[in-house]
Amino acid sequence: MKTTDITLVFQGVFKPYVTRDFEAFERNIRFTRKVLPGAKVILSTWEGTEVPASLAVDAVVMSPDPGALAPLKLDDDKANNVNRQLLSTRAGMDAVTTPYAAKIRTDCHLQHAGFIDFYSAQRLLDGGRERLLACSFFTPDPTMFERLPYHVSDWFHFGPTGMLRDYWSAQQMLPQDARYYESQTHAPDSTFFEKKFRSRFAVEQHICMQFAQGLGYTCPRYLNDVSEPVLRDYLRFLGREIMLLDPWQIGVMFNKYAWVGNSHFQQMNNLMHLDWLALANPALDGCREAGHLRALIRQRARKKNSGRLAFQYSRILHALLFDASRNGHPVRRIAARLARRL
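Below is a summary of the structure that appears in this document. Not measured: the values here are computed from a predicted model.

What counts as what
- Residues numbered from 1 in each chain as written.
- Predicted model: local features only at pLDDT ≥ 70, side-chain atom pairs only at ≥ 80, totals over all residues.
- Heavy atoms only, no water.
- Helix = DSSP H or I, 4+ residues; strand = E, 2+ residues; numbered from the N terminus.
- Rg over C-alpha atoms; globule rule 2.2 N^0.38 Å.
- Contact = heavy atoms within 4.5 Å.
- Areas by Shrake-Rupley, 256 points an atom, 1.4 Å probe, with all protein chains shown as cover.
- Lys, Arg positive; Asp, Glu negative; His and termini not counted.
- Charge placed at Lys NZ, Arg CZ, Asp CG, Glu CD.
- Axes fitted to C-alpha atoms, helices over the stretch in contact; angles between N-to-C directions.
- Parallel < 35°, antiparallel > 145°, perpendicular 65-115°, else oblique.
- Nonpolar A, V, L, I, M, F, W, Y, C, P; charged D, E, K, R; others polar.
- 1 Å grid on protein atoms, 1.4 Å probe; cavity = no way out; pocket = protein on both sides within 12 Å on 5 of 7 lines; lining within 4 Å.
- Points joined across faces, edges and corners; volume = space filled by probe spheres on them.
- Phe/Tyr/Trp six-rings, centres within 6.5 Å; stacked < 30°, edge-to-face > 60°.
- Buried < 20%, exposed > 50% of the residue type's maximum accessible area, 1.4 Å probe, protein only.
- Pairing = 2+ DSSP bridges.
- Salt bridge = Lys/Arg side-chain N within 4 Å of Asp/Glu carboxyl O.

**Section: the overall build of the protein chain**
Argument step 1. A tally of helices and strands in the protein chain yields 14 helices and nine strands.
Argument step 2. For 342 residues, the compact-globule estimate of 2.2 N^0.38 gives 20 Å, and the protein chain sits close to it at 20 Å.
Argument step 3. Taking all contacts inside the protein chain whose residues are at least 6 apart in sequence as the whole, residues at least 24 apart take part in 71%.
Argument step 4. Entry remark: accessible area of the protein chain is about 16200 Å², with carbon and sulfur atoms responsible for 53%.
Argument step 5. Charge centroids of the protein chain, computed over 44 positive and 34 negative side chains, lie 6 Å from each other.

**Section: unusual backbone geometry**
Argument step 1. Cis geometry is adopted by the peptide bond preceding Phe 138, which originates at Phe 137 and carries an omega value of -10 degrees.
Argument step 2. Inspection of the secondary structure assignment puts Phe 138 in the loop between β6 (132–135) and β7 (156–160).
Argument step 3. If you check the backbone angles, Phe 22 has positive phi at about 65 degrees while not being a glycine.
Argument step 4. Positionally, Phe 22 belongs in the loop between β1 (6–11) and α1 (25–35).

**A closer look at the packing of helix α11 (residues 273–280) against helix α12 (residues 290–313)**
Argument step 1. At a minimum axis separation of 10 Å, α11 and α12 run at an interaxial angle of 110 degrees. What the angle tells us is that α11 and α12 run roughly perpendicular. Residue-level inspection shows Leu 274, Asp 275, Leu 277 and Ala 278 of α11 in contact with α12, the latter providing Leu 293, Leu 296, Ile 297, Arg 300 and Lys 304.
Argument step 2. Of the residues in the contact of α11 with α12, the class split is six nonpolar, no polar and three charged.

**Some thoughts on the layout of surface pockets**
Argument step 1. Put simply, the second largest pocket is a space of about 500 Å³.
Argument step 2. The wall of the second largest pocket is formed by 19 residues, among which Phe 118, His 273, Cys 287, Arg 288 and Leu 293 lie closest to the centre.
Argument step 3. Those elements that place two or more of their residues in the lining of the second largest pocket are α3 (114–125), α11 and α12.
Argument step 4. With five residues, α3 is the single largest residue contributor to the lining of the second largest pocket.
Argument step 5. Residue classes in the lining of the second largest pocket are distributed as ten nonpolar, five polar and four charged.

**Brief notes about the packing of aromatic side chains**
Argument step 1. Scanning the model with the defined rule gives 22 aromatic pairs in all.
Argument step 2. Between Tyr 217 and Phe 237, the ring centres sit 5.3 Å apart and the planes meet at 80 degrees, which makes this aromatic pair edge-to-face. Here Tyr 217 is found in the loop between α7 (203–214) and α8 (228–241), whereas its partner Phe 237 is found in helix α8, with 20 residues between them in sequence. For the pair shown, Tyr 217 and Phe 237 are each scored as buried.
Argument step 3. These aromatic residues form a ring-pair network of at least three members: Tyr 150, Tyr 167, Trp 168, Phe 211, Tyr 217, Tyr 234 and Phe 237.

**A closer look at the packing of α8 against α11**
Helix packing geometry: the angle between the two helix axes and the distance between the axes.
Argument step 1. It is the contact of α8 with α11, at a shortest axis distance of 8 Å, that shows an interaxial angle of 95 degrees. Between α8 and α11, the crossing angle belongs to the class labelled roughly perpendicular. Contacts from Leu 235, Leu 238 and Gly 239 of α8 reach α11 at Trp 276, Leu 279 and Ala 280.
Argument step 2. Its residues assigned to classes, the contact of α8 with α11 shows five nonpolar, one polar and no charged.

**Comments concerning the pairing of β6**
Argument step 1. Of the two faces of β6, both are covered, the one formed by Leu 132 and Ala 134 as well as the one formed by Leu 133 and Cys 135.
Argument step 2. In the sheet, β6 pairs with strand β8 (residues 242–245) via four bridges, with the strands oriented parallel. Across the sheet, residue Leu 132 finds its bridge partner in β8, namely Ile 242.

**Considerations on the side chain of Gln 85**
Argument step 1. Along the chain, Gln 85 turns up in helix α2 (residues 82–94).
Argument step 2. Of the residues examined, Gln 85 reaches a relative accessible area of 10% and is grouped as buried.
Argument step 3. Non-local contacts of Gln 85, meaning those with residues more than four positions away in its chain, are made with Gln 11, Lys 103, Asp 154, Trp 168, Val 203 and Ile 207.

**Considerations on the pattern of salt bridges**
Argument step 1. Enumeration according to the criterion identifies 21 salt bridges in this entry.
Argument step 2. A salt bridge links Asp 225 to Arg 221; the shortest N-O distance between them is 3.1 Å.
Argument step 3. With a relative accessible area of 0%, Asp 225 lands in the buried category.
Argument step 4. Arg 221 gets classed as exposed once you look at its relative accessible area, which sits at 57%.
Argument step 5. Through salt bridges with shared partners, one network takes in Asp 141, Asp 275, Arg 300 and Lys 304.

**Description of the pairing of β7**
Argument step 1. β7 sits mainly inside the fold: five of its five residues count as buried.
Argument step 2. Note that strand β4 (residues 100–105) and β7 share five bridges and pair antiparallel. Paired with Tyr 100 across the strands is Pro 160, a residue of β7.

See below:
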């Protein structure tokens, strides 16, 4: 695969200066261009955005701002920007003319382009069949702490341009769906984290489910529907249609969420590359060092089983364990030490 076959679509807010939160959007684009020489770069942002003439992009696409929805979670005040994300990503993808495309947020950059090597190797194993490459953070494991089938991370996507256009062609989220759990009750077996949701589905679910339904997969009826048909089809979807790589394998740097890589909780909660390998290629056919990988997969499965059981039997303590306002509580400290030992 040649870099000239790829267009990078930077999607989202753009500011020409370094912000108070040390966001440097121009730097993100500049760094990424260095690791993908020859690739085209498109910035897809909002009408009225100040874009300096010196910005090193091949095209700027500006869209009208559709506005935000109510916050995604009941205990949060951050706007739900799903419709903004859908509109600006779709507009950027419509401007792509190369066979392959990557969607990346404007607050991220690429440190290297390892995703190309991983994708090309998997494509050979698949006999030329294409997949949608996505990031393991945040793609939650639906059998762990946040059971959200079809919640595929939107940090970074790569694949054939037509596939990305299909994926991002989802209908916009309706205001009543954004406020669904203000008037509806969560499922009786919902976990501490699942009960926080205000919207009917997470942003990533809303987008991914429409793509998966178009391919004939069974999708959830509600946020944390992990019934047997849904779970079976979601795991099949991941194994056949998706490729999950860890951020350091992709090369994506997301400073805002740098803490995630050091979080034992998130490493257990998310489907990492090893978990995906066990779904997509259980026999590890064609994998280098298959014996070593097999041992790592078994070790990770044991850790996840322990974490799953610990989470299940500690439900009575979840409000205490996971309430961020009680960081210094002795029970939280003991739980953190136990998690590190898993």
